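Spelled out from the first residue to the last, the chains are:
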Amino acid sequence: MTDHAHALVEAADRGGHAMAAAVECVGLHNTAATLINEILFRAHLDELTTVGGETSVIITLTHGGKEVSALISVGPRGVAVSGTAAPTGLPPTRIVQDACEMALALYGPRERVSPGSREIRWPSPHVMVPRLVNGPAVPKALHAVVQRVVQVLDREGAAPLEELAVRHGTDKWSFLHQYTQHYQRHFGPLRDHRMTVLEIGVGGYGDTETGGGSLYMWKEFFPRGLVYGLDIADKHVLDRPRVTTITADQSDPDALREIAEKIGPFDIVIDDGSHMSPHVITSFKTLFPYLKANGVYAVEDLHGSYWPHLFSGSERDLNDPAFTVGFLKQMVDGLNHEEFLDPGTRDAQPTDATVKGVHFYHNLAFIEKGTNTEGSPFGTVLREAPERLGTEGRPAE
Ligand SMILES: C[S@@+](CC[C@H](N)C(=O)[O-])C[C@H]1O[C@@H](n2cnc3c(N)ncnc32)[C@H](O)[C@@H]1O
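These remarks concern the structure in this document. (Residues numbered from 1 in each chain as written. Predicted model: local features only at pLDDT ≥ 70, side-chain atom pairs only at ≥ 80, totals over all residues. Heavy atoms only, no water.)

### Comments concerning the overall build of the protein chain
No. 1: Helices and strands together make up the secondary structure of the protein chain, namely 14 helices and 12 strands.
No. 2: When the backbone C-alpha atoms are referred to their principal axes, the protein chain occupies close to 95 × 50 × 40 Å.
No. 3: Looking at the protein chain alone, contacts between residues at least 24 apart form 66% of all its contacts between residues at least 6 apart.
No. 4: Carbon and sulfur atoms form 54% of the exposed surface of the protein chain, whose accessible area is close to 19000 Å².
No. 5: Charge centroids of the protein chain, computed over 35 positive and 51 negative side chains, lie 7 Å from each other. (Helix = DSSP H or I, 4+ residues; strand = E, 2+ residues; numbered from the N terminus. Contact = heavy atoms within 4.5 Å. Areas by Shrake-Rupley, 256 points an atom, 1.4 Å probe, with all protein chains shown as cover. Lys, Arg positive; Asp, Glu negative; His and termini not counted. Charge placed at Lys NZ, Arg CZ, Asp CG, Glu CD.)

In structure tokens form, the structure reads like this:
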């Protein structure tokens, strides 16, 4: 299913004809399974199960004169998906939409989101009206379930990152860290963009069946995103549509390069792996070249740079580039690399011309990739003909 989601996300970028071709290629059944899986992931219908009573909705996707349906039942026992076997109780509400239109709404640029052909077919008035008058009561969740599905199809009601962090169980907003406010600031404007995200550190450490909280958070935050998680432990059991895990050691540059060649370039790389300075620095040096222009590289848990225990850090020389924070701090001077008058002031760094922004927060840094070669008119004169300037920076008489 993972490949089907990739194919549909990629086609959604290219418009209706590309999507029709992708649906043909993937097949209507696989398209329906992928889109229904996506709707269920985003709708969080399990949150409605306590509202009371069992209710169900059928989602029908149409394409080329054919249709495929899935029945979704929501009740106190949870959310269940099946074929279209008639549920017990109230007949289901049916939501019918063209498959290409639905795929474009879920995975396309926002301007392609459109109700278009969508129809909501409520249970017959002959069933509903007598129930309203004499009972048995209409389940309270009936409208809420349909409304959630429609909201997902309209790409409305997107939850803030804090909520997604808590919902998916990452520590990015927790008693440990308050990172989501900074991620929201930097990534919020990119939310509807087509994104390729790589996060180092899936979570769960040696337990191959746990972790993935932040990957699922990014999957929901970036509806058009393809999310990759790299971990030293095998986490494949956590793979989902649009979420792929890769087993590798972040301190192995050859492995990182091979992976980046295959799945890059990236819009975002996040390092939440071992937090050991040599690993963080190796990963940055290897992966930063695979970041797209205007891409962002985030490094979490900078405390690892200082703590000898757990992370082999050091507080002895806070500017030592062998440790994560000292290494990142050099980039602040790198932003101004064209301003130095004495070529001996500092060694040129490979990132001087390719880092356009450096943002530090508590335990978290963002490095923005971009051209940093604006030039320095004053610096040029000061270097080449300082006598042309007066003593206070005014032109000499
Ligand atoms: C803090 S957890 C990641 C949490 C996750 N990003 C989240 O926000 O939910 C750190 C993960 O890094 C992994 N890790 C540790 N050393 C690593 C290495 N050298 N290369 C890749 N992953 C590593 C661990 O197995 C662990 O699962």
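### A short note on a nonpolar patch on the surface
No. 1: Side chains of V129, L132 and V133 sit close together on the surface and give an oily, nonpolar patch of about 320 Å² of accessible area.
No. 2: With respect to the helices, strands and loops of the structure, L132 is situated in helix α5 (residues 125–134).
No. 3: For L132, a relative accessible area of 64% gives the class exposed. (Patch = residues over 30% accessible without salt bridge, like charges linked within 9 Å, V, L, I, M, F, W, Y side chains within 5 Å. Salt bridge = Lys/Arg side-chain N within 4 Å of Asp/Glu carboxyl O. Buried < 20%, exposed > 50% of the residue type's maximum accessible area, 1.4 Å probe, protein only.)

### Observations concerning the packing of helix α3 (residues 28–43) against helix α4 (residues 99–107)
No. 1: Interaxial distance between α3 and α4 falls to 11 Å at its minimum, and their mutual angle equals 40°. Viewed along their axes, α3 and α4 adopt a mutual orientation that is oblique. The handedness of the crossing between α3 and α4 is left-handed. Between α3 and α4, the residues in contact are L28, T34, L35, E38, I39 and R42 and A99, M102, A103, L106 and Y107, respectively.
No. 2: In terms of residue class, the contact of α3 with α4 is built from 8 nonpolar, 1 polar and 2 charged. (Axes fitted to C-alpha atoms, helices over the stretch in contact; angles between N-to-C directions. Parallel < 35°, antiparallel > 145°, perpendicular 65-115°, else oblique. Left-handed = near helix turned anticlockwise from the far one by under 90°. Nonpolar A, V, L, I, M, F, W, Y, C, P; charged D, E, K, R; others polar.)

### Section: the site of the ligand
No. 1: Surrounding the ligand, one finds 19 residues, the nearest of these being T170, E199, G201, D231 and D272.
No. 2: Here a nitrogen atom of the ligand sits 2.8 Å away from a polar atom, N or O, in the side chain of E199.
No. 3: A distance of 3.1 Å is found between an oxygen atom of the ligand and a backbone nitrogen or oxygen belonging to Y205.
No. 4: Expressed as a share of its isolated accessible area of 600 Å², the protein-covered part of the ligand is 91%.
No. 5: Grouping the constituent residues of the shell around the ligand by class yields 5 nonpolar, 9 polar and 5 charged. (Near = heavy atom within 4 Å. Polar contact = N/O pair within 3.5 Å; in protein donor to acceptor, adjacent residues only side chain to side chain.)

### Concerning the pairing of strand β4 (residues 93–98)
No. 1: Here strand β1 (residues 55–63) runs beside β4; their pairing, made up of 6 bridges, is parallel. In the sheet register, L61 faces β4, and the bridge partner there is Q97.
No. 2: Pairing analysis gives 3 bridges linking β4 to strand β5 (residues 119–121), with the strands arranged antiparallel. Looking at β5, one finds that R94 is bridged to R121. (Pairing = 2+ DSSP bridges.)

### Digging into the nonpolar core
No. 1: The biggest cluster of nonpolar side chains holds 70 residues, and the ones touching the most others in it are M19, F266, L287, Y297 and I367.
No. 2: Residue assignment places this core across two domains, with domain 1 (2–153) and domain 2 (161–379) each supplying three or more.
No. 3: Once residues within four sequence positions are removed from consideration, L287 is found in contact with L198, I200, L256, A260, F266, V269 and Y297.
No. 4: Counting residues in hydrophobic clusters, the runner-up holds 27 residues, among them A159, L164, F187 and Y216. (Core = buried A, V, L, I, M, F, W, Y, C linked by side-chain atoms within 4.5 Å. Domains from an automatic or database assignment.)

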